[in-house]
Structure formats: C-alpha cells, structure tokens
Amino acid sequence: VGTPPQTFTVVPDTGSSNLWMYSSTCWSIPCWYHDLYNAKKSTTYQKDGQPFDIEYGSGGVKGTVSWDVAMIGDVTSTMGFGEVTSVSGVSFYASQMSGILGLAYDSISVDGLKTFMSNSELTDKSFSFYLKDTSEESYMVIPGMDSENFATIDTHKVVEEKYWSLQLDSIAQGTKVIDASNYKAVIDSGTSLLVGPKAIIDPLIDGIRVSKTCIGIKLLPDMTFTIDGTAYVLTPDDYVLKITQDGVTECLLGVESMDFPEGFNYFIMGDVFMRKYPTYF
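Since the model is a prediction, treat every value here as computed from it, not as a measurement.

The rules we used
Residues numbered from 1 in each chain as written. Predicted model: local features only at pLDDT ≥ 70, side-chain atom pairs only at ≥ 80, totals over all residues. Heavy atoms only, no water. Patch = residues over 30% accessible without salt bridge, like charges linked within 9 Å, V, L, I, M, F, W, Y side chains within 5 Å. Areas by Shrake-Rupley, 256 points an atom, 1.4 Å probe, with all protein chains shown as cover. Salt bridge = Lys/Arg side-chain N within 4 Å of Asp/Glu carboxyl O. Lys, Arg positive; Asp, Glu negative; His and termini not counted. Charge placed at Lys NZ, Arg CZ, Asp CG, Glu CD. Buried < 20%, exposed > 50% of the residue type's maximum accessible area, 1.4 Å probe, protein only. Helix = DSSP H or I, 4+ residues; strand = E, 2+ residues; numbered from the N terminus. Arc of directions from axis to C-beta. Disulfide = S-S within 2.5 Å. Phe/Tyr/Trp six-rings, centres within 6.5 Å; stacked < 30°, edge-to-face > 60°.

### Quick look at a negative patch on the surface
Taken together, Asp-48, Asp-53, Glu-55 and Asp-111 make up a surface patch of like negative charges. For Asp-111, a relative accessible area of 33% puts it in the partly exposed group.

Structure representation (structure tokens):
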C-alpha cells in the first residue's frame with residue numbers, strides 16, 4: 001500500500017468488503033507488534049478523515065478513512081481504506097495479520113467504499129481460493145482459477161449480493177437430514193469454522209463428541225451440506241481440526257453453534273468447507 005510500497009500481511013475475507021491496516025498513529029496493543037501504515041511516507045496518500053468502524057464476529061476495529069494505491073502482485077487499486085487506530089477482541093491480539101482485505105460485495109462496505117476488486121484495473125474480477133493444512137501450501141489466484149489442477153463440481157447462483165450467499169437446501173448428520181431451506185450458505189474465507197444458528201446446528205452436531213486426543217475420530221458420521229441440489233460431504237477428517245503446538249496434537253470440532261440475531265438467516269461455510277472444496281468467486 002502506498003508509494004513507495006509498504007507491505008502488510010492481510011486476511012483475504014469474502015465475508016466483509018473493506019480493506020484496512022493498522023495505522024502508525026495506533027496505540028492499541030496489537031499495533032505494537034504488527035506492521036503499520038504510515039501516511040507520511042507515501043507520496044500517493046490522500047486524506048479523507050471520515051470515521052471508520054467495523055464490527056466482526058470476533059471483535060471490532062475503529063479509525064479513519066484514507067486513500068492510497070493498494071497492490072497484490074501486479075493487481076492495483078486506488079481506493080479508500082481504513083487506517084485503524086483502536087481494536088477490540090482477543091483474536092486481533094493473537095493473529096499474525098496486519099489487516100483485512102474484504103472481498104464481498106460493495107453493498108455491505110462500511111462508508112460506501114468500493115472493494116479492492118471493484119476498484120481494480122482488472123477486466124476479469126474473479127478470484128479463487130485453494131486452502132490447505134498449512135499457510136505454505138495455501139494460495140489464491142487473481143484473476144481466475146487454477147483450471148490445470150482442478151475440475152468444476154458445480155456452479156451456483158449468488159442469491160443475495162451482500163455476502164457470497166447461496167441457496168442452502170439441507171444439512172445432515174449421517175442419514176439424519178435437517179431442513180435448512182430458510183437459510184443461505186455464505187462462503188466465507190474469513191471464518192475458520194462452520195458457524196450457524198442453534199436451530200439447525202445443534203441437531204447437526206448432536207451426539208458428536210471429539211476427543212482432544214483424537215481417539216475414535218474416524219468412527220464419527222459424515223456431514224452433508226446440500227446447496228442448490230448438490231450434496232457436499234465432509235468426512236470426520238474434514239470437519240475435525242487437528243491443532244499441533246509444541247509437538248502435541250489436539251483435536252477439536254470445526255462446527256460451532258451460535259446465537260445469531262433474529263433475521264440473520266445465514267450458515268457460514270468457512271475454511272473447514274473451503275479446504276475440502278476450493279472455491280471460485
């Protein structure tokens with residue numbers, strides 16, 4: 001971002017629409033050990049100053065809007081973004097990221113700012129994700145998809161241009177099918193797990209117990225998510241996360257039930273789903 005370029009590690013997030021980075025004027029604790037955007041060092045910086053405030057599921061950020069040139073590889077976008085000066089939420093303290101790159105629709109962008117892709121000089125504004133077990137293996141393609149290594153399973157129409165929302169038909173644990181036709185499936189690279197409302201997730205995970213020691217994982221039932229009539233199956237190896245720290249591996253369930261606000265009829269298909277099914281947007 002800027003001229004000369006200042007480099008940041010950001011999360012490419014299909015569940016939000018704004019670009020932001022920590023600012024050099026930020027004094028929140030996460031700013032002490034992350035890369036900071038310094039407007040004074042960029043010859044292409046333009047002041048805006050309107051308030052910038054986003055609440056995510058895991059916390060929030062506040063600051064002001066600035067304008068500058070942003071670049072990923074050789075894709076450039078002159079755009080408005082958030083210079084963040086304060087944060088709330090534990091996830092920001094633990095994360096390696098210095099910001100977030102929103103890749104959802106302009107319609108949900110804070111302050112009406114256009115997204116990186118909308119503002120980019122690209123004619124083809126598509127992109128795709130290939131998530132693996134490690135960051136070294138995972139990658140994005142902008143624009144287009146990795147057609148040499150992957151075949152298309154199915155194509156789904158976006159039914160609401162806010163998030164990348166698809167029509168969810170049902171979810172299932174083994175042979176137990178749960179009607180989910182009142183919900184939209186949101187393909188969200190910025191959410192690690194599968195997250196949905198208690199009404200449908202509680203019966204989905206009922207009886208599933210994941211041992212921290214990973215014993216008996218393969219005996220657990222498959223889960224099936226049907227979108228527009230196409231069934232996407234996750235095996236226990238797909239939906240149980242194996243976390244290794246200091247040589248010790250622990251297992252945990254990658255599906256979470258939450259109290260969503262009334263009217264928020266979405267099932268968030270996060271990285272647990274996208275790791276099994278690479279997605280082209």
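The rest of the description comes next.
### Comments concerning helix α3 (residues 198-205)
Along α3, the residues classified as buried are Ile-200, Ile-201, Leu-204 and Ile-205. Down the axis of α3, the buried side of the element spans an arc of 110°, and every buried residue falls inside it. Remark: Gly-207 follows α3 within two positions and exhibits a positive phi of approximately 85°.

### Let's talk about the pattern of salt bridges
Evaluation of the coordinates by the stated rule reveals four salt bridges. Two residues, Lys-162 and Glu-160, come together in a salt bridge whose shortest N-O distance is 3.9 Å. The partly exposed category is assigned to Lys-162, whose relative accessible area is 37%. In this structure Glu-160 comes out as buried when scored by relative accessible area, which is 17%. A salt bridge links Lys-276 to Asp-238, with the shortest nitrogen-to-oxygen separation between them at 2.8 Å.

### Comments concerning the state of the cysteines
A covalent bond between the sulfur atoms of two cysteines is referred to as a disulfide. Per the counting criterion, the structure on display carries two disulfides. Covalently, Cys-26 is tied to Cys-31 through a disulfide, its sulfur atoms 2.0 Å apart. Since a negative S-S torsion denotes a left-handed disulfide, the Cys-26-Cys-31 link at about 75° is right-handed. Covalently, Cys-214 is tied to Cys-251 through a disulfide, its sulfur atoms 2.0 Å apart. Judged by the torsion about the S-S bond (105°), the Cys-214/Cys-251 disulfide is right-handed. Taken together, the residues Cys-214 in the loop between α3 and β14 (223-227) and Cys-251 in strand β17 (residues 248-253) connect sequence positions 37 residues apart. In the chain, numbering the disulfide-bonded cysteines from first to last in sequence yields the connectivity 1-2, 3-4.

### Thoughts on the packing of aromatic side chains
Across all of its chains, the model carries 20 aromatic pairs by this definition. When the ring of Phe-129 is compared with that of Phe-281, the centres are 5.8 Å apart and the planes differ by 85°; the resulting orientation is edge-to-face. In this pair, Phe-129 is assigned in strand β7 (residues 128-130) and Phe-281 in the segment after β20 (279-280), connecting sequence segments 152 residues apart. Of the two residues, Phe-129 and Phe-281, both sit in the buried class. Here Tyr-232 and Phe-273 contribute two aromatic rings whose centre-to-centre distance is 5.7 Å and whose plane-to-plane angle is 75°, an arrangement assigned as edge-to-face. Pair noted here: Tyr-232 is in strand β15 (residues 230-234) and Phe-273 is in helix α5 (residues 271-276), with a separation of 41 residues, a long-range link.

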